[in-house]
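For reference, the chains in residue letters:
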Number of protein chains: 4
Amino acid sequence: MSKSRIDALSDGVFAILLTILILEFQPETIKPGSLNQVVLHQAPLFLMYLLSYFYVGTSWLFHHDYFQYVKRTNRTLNVLNLFVLFTVTLVNYAMVLLIEALSDGNTSDIRLAFIVYDLVALLISLSFLLLYRYLEHHPELQTVERSGITSHYERIRLDPARSVSIYLLSMIATSFSNLVAGILLIAGVVFHFIAYLRFSRVVHIATNEKTNNLTK
Amino acid sequence: MSKSRIDALSDGVFAILLTILILEFQPETIKPGSLNQVVLHQAPLFLMYLLSYFYVGTSWLFHHDYFQYVKRTNRTLNVLNLFVLFTVTLVNYAMVLLIEALSDGNTSDIRLAFIVYDLVALLISLSFLLLYRYLEHHPELQTVERSGITSHYERIRLDPARSVSIYLLSMIATSFSNLVAGILLIAGVVFHFIAYLRFSRVVHIATNEKTNNLTK
Amino acid sequence: MSKSRIDALSDGVFAILLTILILEFQPETIKPGSLNQVVLHQAPLFLMYLLSYFYVGTSWLFHHDYFQYVKRTNRTLNVLNLFVLFTVTLVNYAMVLLIEALSDGNTSDIRLAFIVYDLVALLISLSFLLLYRYLEHHPELQTVERSGITSHYERIRLDPARSVSIYLLSMIATSFSNLVAGILLIAGVVFHFIAYLRFSRVVHIATNEKTNNLTK
Amino acid sequence: MSKSRIDALSDGVFAILLTILILEFQPETIKPGSLNQVVLHQAPLFLMYLLSYFYVGTSWLFHHDYFQYVKRTNRTLNVLNLFVLFTVTLVNYAMVLLIEALSDGNTSDIRLAFIVYDLVALLISLSFLLLYRYLEHHPELQTVERSGITSHYERIRLDPARSVSIYLLSMIATSFSNLVAGILLIAGVVFHFIAYLRFSRVVHIATNEKTNNLTK
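Residues numbered from 1 in each chain as written. Chains lettered and ligands numbered in written order. Predicted model: local features only at pLDDT ≥ 70, side-chain atom pairs only at ≥ 80, totals over all residues. Heavy atoms only, no water.

Undergrad: Looking at this structure, I do not really get the UniProt feature "transmembrane region" (unreviewed entry) in chain A. What am I missing?
TA: All names here are of chain A. UniProt marks residues 43–62, 82–102, 114–132 and 166–194 with the feature "transmembrane region" (unreviewed entry), using the numbering shown here. Secondary structure content for residues 43–62 is 100% helix and 0% strand, and the end C-alpha separation is 29 Å. Helix and strand shares over residues 166–194 are 86% and 0% respectively, and the end C-alpha atoms of the span are 13 Å apart. (UniProt positions renumbered as here; feature names shortened; annotations may be inferred. Helix = DSSP H or I, 4+ residues; strand = E, 2+ residues; numbered from the N terminus.)

Laid out in structure tokens, this is it:
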């Protein structure tokens, strides 16, 4: 089956997620003359929007590169992809909880919001992991042969485990410090992006080697 | 007429539906320190979001496989497709009613919400049925010849009737037990997914046989 | 310039409009046990949602067939297309006003809402008219030659004028009867769909004649 | 890497932005019989919707023409494009602030809203500038050769600087007159569109010259 529609659906979901995140970040009622207080109050929340946009954007980059690597789709891949998209939509919910909790400033609310965000991040990592493992075991769906990528793949093999560890540490950290938990959550999202850069380099090298072999 | 735009519009509508469902599932006002109660209270509602996402996702899978099977579109198919998309958008309304009814816990509200959800499910099944019947009677639009699929088609021919029966039973069940009605509704959605797996296998077998015949 | 992106942007806008219309049609606050009243109260409003979906859907059908007829795009067509999409987004605003006015039942509110809806319909007709006139005068952008379509085109030439007349009559009717105005508005939207069927038949005939001439 | 998905994601984001802007422009609660006051009150706000639609539409036109000019994408271009899309989503936030501020009519609120809108416009200009500079330094990603476009490019080279100057002037103007600031902001958006017309003419000439050279 052609992968054009799985691409179209996924790009649609990512485009909507990237765009509707801003909808949550809006003043609801403003007393005349108090807009500067409202905007100032929103400044730290803006960081949460930035973080979530960055996170969903990185997930799109992973998804984009992954499907460069896929020749055609099948029923199972379609279902797995719907699961990936499902987990990514949850970022919206987690972000709203975090914005609400940071707005009211209550410690136990913030702790819970961090735990929910971390859980969503774990689910996203898990869903992408399923997607990758499935492709590894179905060479007939791949554009690049397994052999070409294996040697480089070892270097990034543990990246998902690293990602998962950071989010788990952030969850544990909520029990003694929301500041540490928050820093670890941000670190997890940033590491997610670094992992993408590493992953994309491996795919790039493998694709080039294959091309070189073909043109030799 | 090329089917690229009917695919693009449909993928757009499905992508938006899959994504905006989460927007309905959000706390509106939180008293500081009460976020855990809000989140706990939402846990059962989360199941309704999961159910609706799963339902719309399965509808996309059906739609995806159906159009694999379509060579080109025409005016009537475009109009029928708009009707299919219309019925699928109603899932959003049905889900919101169900979430509201389950939130307030009133028995007659929940009964009504189940009936509305079942009606929407019936409408979706009906609209897809029209789409399939139309294609059956227009072999010039098909990629796979009728003859190739008929023998296998018999096995799944009654699946839409089975689907419709489950939703009707769920509607009847609301008159004596919301629990039974709810279980039947969930069973209907799960059966919808099973019917997809059966349908997709038939299309797959028929397409392979055709390919085998061509390469013989 | 390739028309793939103008198609993609337009399909995106139409898909979103078709889907977000349902978002406006939702109960906001429900007292336990009153869901049946809420749903009954919404039944007539549901007709407005149906009407607006049908209207935007028909606009997509026009847009779809129009671009079948376009070989490639240029800067002016891109700008005109953005204007068309702009006028179509206004349906959402007009529908919300109408739903609000019908909900509160005030005669002067309903009159105003009909006038706004009629104005939006006039703007949409105008924007499509500009799109058609532009293509008529730029044969280098057409897939079908002008000569092939002219003879049939005469039959539908006055359809846009007919459409515009109905909406104008509906606006005038608001000054003595909202019922007549409402019926005329619905008639205008239904005629819009009939005009599409007529337009699409002409394009179909012209395309076939051209194909026949080529294969002779 | 093929640029089909970067196009799809971007068209999705632009389509959503163009469409959801109208969602912000809606009456929330209407007292029976007061719809005409509500609509009259919204008339000036409608101008802000028009301005924002026009601004996002122009950004799409720039983006569209830019990618005509791009042969294929790479990792850095994907990331830069996500940054461009991010800055464009902020128009929604800036428009809502402006609508709220103009609604309540408070001078200091309006001043702040103009400053935020100007800042967003500056960010958008900056993000597009990064996109252009990156392409300039990576001829391997271009469809048109550098040499072909350089001579014409000089004429529009300062347009981004002109754009940035207008928005900066508008920000400065808020300190003495919101009217001047508003006029400058509108002038900036209109100049943005004029700059697009100039830019698109240069690309058009360069592409034609290249084609002429090839067919000579």
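Undergrad: How do you make sense of the environment of Phe25(D) when you look at a structure like this?
TA: Note that Phe25(D) resides in the loop between α1 (4–24) and α2 (35–68). Those residues in contact with Phe25(D), other than ones at most four positions away along the chain, are Tyr93(C), Gln42(D), Leu45(D) and Phe46(D). (Contact = heavy atoms within 4.5 Å.)

Undergrad: Could you clarify how one ought to interpret the relation of the copies chain A and chain D in this entry?
TA: Here the two chain copies are tied together by a rotation about an axis and a shift along that axis. If you rotate chain A by 90° and push it 0.0 Å along the axis, it lands on chain D with an RMSD of 0.0 Å. Taken together, the rotation and translation describe the operation of a four-fold axis. Among all C-alpha atoms of chain A, that of Gly12(A) lies closest to the rotation axis, at 4.1 Å. A different interface surface on each copy is seen, since only 2% of the contact residues of chain A are contact residues in chain D too. (Least-squares fit on C-alpha atoms with pLDDT ≥ 70 in both.)

Undergrad: Explain the nonpolar core here, please?
TA: By size, the foremost hydrophobic cluster in this structure holds 300 residues, and its most contacted members are Tyr117(A), Tyr117(B), Tyr117(C) and Tyr117(D). In contact with Tyr117(B), other than residues within four places in its own chain, are Leu51(B), Ser52(B), Tyr55(B), Val91(B), Ala94(B), Met95(B), Leu98(B) and Leu185(B). (Core = buried A, V, L, I, M, F, W, Y, C linked by side-chain atoms within 4.5 Å. Buried < 20%, exposed > 50% of the residue type's maximum accessible area, 1.4 Å probe, protein only.)

Undergrad: Could you clarify how one ought to interpret the pattern of salt bridges in this entry?
TA: If the charged atoms of two oppositely charged side chains come close together, the side chains can form a pair. Tallying each qualifying case throughout the model produces twelve salt bridges over all chains. A salt bridge links Asp11(B) to Arg5(A), with the nearest nitrogen and oxygen atoms 2.8 Å apart. Of this pair, Asp11(B) sits in helix α1 (residues 4–24) while Arg5(A) sits in helix α1 (residues 4–24), placing the two residues on different chains. Both residues of the pair, Asp11(B) and Arg5(A), count as buried. Where Glu136(C) meets Arg133(C), a salt bridge forms, and the shortest distance between an N and an O atom there is 2.7 Å. Of this pair, Glu136(C) and Arg133(C) both sit in helix α4 (residues 107–136), three residues apart, roughly one helical turn. Here the salt bridges do not stand alone but share partners, grouping Arg5(A), Asp7(B) and Asp11(B) into one network. (Salt bridge = Lys/Arg side-chain N within 4 Å of Asp/Glu carboxyl O.)

Undergrad: I'm lost on the interface of chain B and chain A in this one. Help?
TA: Size of an interface: often given as the accessible area lost when the parts come together. Tallying the contact residues gives 40 residues for chain B and 32 residues for chain A. Counting the surface lost from both chain B and chain A, the interface buries some 3100 Å², and carbon and sulfur atoms represent 68% of this. For the pair chain B and chain A, the number of links is two salt bridges. In this structure, the salt-bridge partner of Asp7(B) is Arg5(A), at a minimum N-O distance of 3.8 Å. Linking chain B with chain A are nine residue pairs in polar contact (both at pLDDT 80 or more). Of all the secondary structure elements, the ones that give two or more residues to the side of chain B that touches chain A are α1, α2 (35–68) and α7 (178–215) of chain B. At 16 residues, the largest contribution of residues to the side of chain B that touches chain A is made by α2(B). Looking at the side of chain B that touches chain A residue by residue, the class counts come to 22 nonpolar, twelve polar and six charged. (Buried area = accessible area lost by both parts, 1.4 Å probe. Polar contact = N/O pair within 3.5 Å; in protein donor to acceptor, adjacent residues only side chain to side chain. Nonpolar A, V, L, I, M, F, W, Y, C, P; charged D, E, K, R; others polar.)

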